[in-house]
Amino acid sequence: KKPQALPVNLTVRGIKSYNDYVKLREFIQTGMTGVSGVHQKSVEWGAAVMEVEIQGGAKTLMAELAKIKQFSIQSHLVGNNAVEVIFLR
């Protein structure tokens, strides 16, 4: 049986362009295992918040983010169901 998809709050900081944010959001939605939905909550200069529905929750999202090679990012858990990603440039 597959793990249940759980909502995880994902905060993205250090965004240099809206295009970077869109590419990351699209990658999360289509390129990560176990993701069943991505919902934008807010976008402002340099930061965005979205909700990612992923099987296994925040720890699984962290493991999937660690596999990303297309973006120079750093990620860490900030709660039971929250992850923060920082663009490094």
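Above this text is the structure in question.
Residues numbered from 1 in each chain as written. Predicted model: local features only at pLDDT ≥ 70, side-chain atom pairs only at ≥ 80, totals over all residues. Heavy atoms only, no water.

## Overview of the pairing of strand S1 (residues 5-13)
Okay, step 1: Two elements, S1 and strand S3 (residues 47-55), share nine bridges in a ladder whose sense is antiparallel. Each residue of the ladder has a partner; that of Leu10, found in S3, is Met50.
Okay, step 2: Both S1 and strand S5 (residues 82-87) contribute to a ladder of five bridges, which runs parallel. Across the sheet, Asn9 pairs through a bridge with Ala82, a residue of S5. (Pairing = 2+ DSSP bridges. Helix = DSSP H or I, 4+ residues; strand = E, 2+ residues; numbered from the N terminus.)

## Thoughts on the sheet that holds strand S4 (residues 73-79)
Okay, step 1: In space, the five strands of this open sheet follow the order S2-S3-S1-S5-S4, with mixed pairing throughout. Across the chains shown, the open sheet's two edge strands, defined by having one partner strand only, are strand S2 (35-44) and S4. Shown here is a sheet whose adjacent strand axes are inclined to one another by a mean of 25 degrees, direction ignored.
Okay, step 2: Looking at chain direction, S4 and S5 are connected through six bridges and run antiparallel. (Axes fitted to C-alpha atoms, helices over the stretch in contact; angles between N-to-C directions.)

## Thoughts on the nonpolar core
Most often, soluble globular proteins have nonpolar side chains that are buried together.
Okay, step 1: Ranked by internal contacts, the top residues of the largest apolar core, which has 25 residues, are Leu10, Ile28, Leu61 and Leu65.
Okay, step 2: Within the residue set of this core, elements represented by two or more residues are S1, helix H1 (18-31), S2, S3, helix H2 (58-66) and S5.
Okay, step 3: When near neighbours in sequence (up to four residues on either side) are disregarded, Ile28 contacts Leu10, Val35, Val38, Met50 and Val52. (Core = buried A, V, L, I, M, F, W, Y, C linked by side-chain atoms within 4.5 Å. Buried < 20%, exposed > 50% of the residue type's maximum accessible area, 1.4 Å probe, protein only. Contact = heavy atoms within 4.5 Å.)

## Quick word on the pattern of salt bridges
Note that side chains of opposite charge can pair when their charged atoms are close.
Okay, step 1: Tallied over the full model, the rule gives two salt bridges.
Okay, step 2: Across the salt bridge formed by Glu64 and Lys67, the nearest N and O atoms sit 3.0 Å from each other.
Okay, step 3: When its relative accessible area of 11% is taken as the criterion, Glu64 is described as buried. (Salt bridge = Lys/Arg side-chain N within 4 Å of Asp/Glu carboxyl O.)

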